[in-house]
Amino acid sequence: MKLDKHTVASRYAKAYYKLAEEHDTVEEAFDNMMDIRQIFADNPGLGLVLSDARLTLNQKRPIVENLMKNFPELMQNFVQMIFDYDRMNDMELIVDEFEKLYDYKNRTILAKVTTAVPLTEVQKERLAVSFAKKMDGKKVMFEEIVDSAILGGVIIEAEHQIFDGSIRLNLETLKKQIMK
């Protein structure tokens, strides 16, 4: 049975995370993964090139060696393994899965916050502190969305939950109560 790309990426990410834990280098591993993400973002199609059967190993090897040269040995070994197993086209998914695992282990909550008007920095900070306590997290990272249709208040979506404190919802609830 062939595994889907996300399952494969998750397994590689978990293995590398565990290895980084064993070497007490999780923070360094996270930084290296973010650097890998940036390299792949700056070079669209890199994964495809390094997985392309039309190129020989001798043509691909210098590219991979150049990619790894500034990383510590643990990351170099990881990238080499990904290359050896012909999974370079999955590297961005592996990085994404590693980041999810890192955020989970560090209780970083990724949330979408929708407001009628942009929040000030002070409001964002207060909301982040309050929401982190509510969700038993250490840190909250918001993706901000401004939508005047909510009229006021805030809607937060995180970890498969929606916290709707919008004026629109309150008005709709009030209208339903009046209509009864």
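Here is what the cut-offs are and how they apply
For every chain, the first residue of the written sequence is number 1, and numbering continues from 1 along that sequence. Since the coordinates come from a predicted model, pLDDT governs what is reported: local features require at least 70, and pairs of side-chain atoms require 80 or more to be given and counted, while whole-chain, interface and lining totals use all residues. Side-chain figures throughout are based on the complete set of non-hydrogen atoms in the structure, without hydrogens or water. At least two DSSP bridges between two strands are needed for those strands to be called paired. Helix and strand assignments come from DSSP, with helices taken as H or I runs of at least 4 residues and strands as E runs of at least 2, each series counted from the N terminus. A crossover gets the label right-handed when its path from the first strand over the helix to the second runs clockwise, viewed with the strands pointing away from the viewer. Here, two residues are considered to be in contact whenever any of their heavy atoms come within 4.5 Å of each other. Only centres within 6.5 Å qualify two rings of Phe, Tyr or Trp (six-membered ring in Trp) as a pair; their planes then separate them into stacked at under 30 degrees, edge-to-face at over 60, and tilted for everything else. Buried means the residue's accessible area, taken with a 1.4 Å probe over protein chains only, is under 20% of the maximum for its type, while exposed means over 50%, and partly exposed covers the values in between.

Caption draft 1: Region of the structure containing the pairing of strand β2 (residues 139–146). For strand β1 (residues 108–115) and β2, the ladder comprises eight bridges, and the chain directions are parallel. Directly across from Thr-114, in β2, lies its bridge partner Ile-145. Note on the crossover from β1 through helix α7 (residues 121–134) to β2: the handedness is right-handed.

Caption draft 2: Representation of the environment of Phe-30. Tracing the backbone through its elements, the reader meets Phe-30 in helix α2 (residues 26–42). Distance from Phe-30 to Met-141, taken between C-alpha atoms, is 16 Å for residues 111 residues apart in sequence. In contact with Phe-30, other than residues within four places in its own chain, are Phe-98, Glu-99 and Tyr-102.

Caption draft 3: Looking closely at the packing of aromatic side chains. Throughout the structure, instances matching the rule amount to six aromatic pairs. A ring pair is formed by Tyr-17 and Phe-98, whose centres lie 5.4 Å apart and whose planes are at 50°; its orientation type is tilted. With Tyr-17 in helix α1 (residues 5–22) and Phe-98 in helix α6 (residues 91–105), the pair connects residues that are 81 residues apart, well separated along the chain. Each member of the pair Tyr-17 and Phe-98 is classed as buried. Relative to Tyr-102, the ring of Phe-30 has its centre 3.9 Å away and its plane inclined at 15°; by these criteria the two rings are stacked. Highlighted residues: Phe-30 in helix α2 and Tyr-102 in helix α6, separated in sequence by 72 residues.

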